[in-house]
Amino acid sequence: MSRARVETDRWIAFKSHFAIESFYCRPGIEGAHEKGGVEGQIGYFRRNHFTPVPEVESLAELNELVEQWDRHDGAAAGSARGPGPSMSTSRTSVRC
């Protein structure tokens, strides 16, 4: 089983517009552990940075905060409290 997927034209256009790079978990038993790891990292980031919801004046300010948090979490990745790889390796800045 591989990570390869057949992507629709609309999904490809969406990814292109928002500069998203897709990465798929392996299907079945071989990849069962991957989804939980990804969801755990997202939950860590949300609980630690978006609770309570940050108050910002603009989307640019929010993007700056997310980049700061990401750098901080990346620096802590080697410690017991770090979430793992930097978010910047798997996402771009938040965009409208």
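Figured I'd write up the structure that's included with this text. Given the structure is predicted, the values throughout are model-derived calculations rather than measurements. (Residues numbered from 1 in each chain as written. Predicted model: local features only at pLDDT ≥ 70, side-chain atom pairs only at ≥ 80, totals over all residues. Heavy atoms only, no water.)

### Thoughts on the packing of aromatic side chains
Thought 1: Tallying each qualifying case throughout the model produces 5 aromatic pairs.
Thought 2: With a centroid separation of 6.1 Å and 50° between ring planes, the pair formed by F45 and F50 is classed as tilted.
Thought 3: Residue classification places F45 among the buried positions, given a relative accessible area of 7%.
Thought 4: Among the residues examined, F50 registers a relative accessible area of 28% and is labelled partly exposed.
Thought 5: Among the aromatic side chains, those forming a connected cluster through ring pairs are W11, F14 and F18. (Phe/Tyr/Trp six-rings, centres within 6.5 Å; stacked < 30°, edge-to-face > 60°. Buried < 20%, exposed > 50% of the residue type's maximum accessible area, 1.4 Å probe, protein only.)

### Here we look at a nonpolar patch on the surface
Thought 1: A cluster of nonpolar side chains, namely W11, F14 and I20, defines an oily patch on the protein surface of about 260 Å² accessible area.
Thought 2: Mapped onto the elements, I20 comes out in the loop between α1 (9–18) and α2 (32–49).
Thought 3: What makes I20 partly exposed here is its relative accessible area of 36%. (Patch = residues over 30% accessible without salt bridge, like charges linked within 9 Å, V, L, I, M, F, W, Y side chains within 5 Å. Areas by Shrake-Rupley, 256 points an atom, 1.4 Å probe, with all protein chains shown as cover. Salt bridge = Lys/Arg side-chain N within 4 Å of Asp/Glu carboxyl O. Helix = DSSP H or I, 4+ residues; strand = E, 2+ residues; numbered from the N terminus.)

### Quick word on the pattern of salt bridges
Thought 1: Throughout the structure, instances matching the rule amount to 1 salt bridge.
Thought 2: Residue K15 pairs with E7 through a salt bridge whose shortest N-O separation is 2.7 Å.
Thought 3: The exposure class assigned to E7 is partly exposed, which follows from its relative accessible area of 22%.

### Looking at helix α3 (residues 59–75)
Thought 1: When the terminal C-alpha atoms of α3 are compared, their 24 Å separation across 17 residues agrees well with the 24 Å that a helix rising 1.5 Å per residue should span.
Thought 2: For α3, the set of buried residues is L62, N63, V66, W69, D70 and D73. One side of α3 carries all its buried residues, which in axial view fall inside an arc of 125°. Turned more than 90 degrees from where α3 packs its buried face, A60, E64, R71 and A75 sit exposed.
Thought 3: Contacts made by the buried residues of α3 are with α2. (Expected span 1.5 Å × (residues − 1). Arc of directions from axis to C-beta. Contact = heavy atoms within 4.5 Å.)

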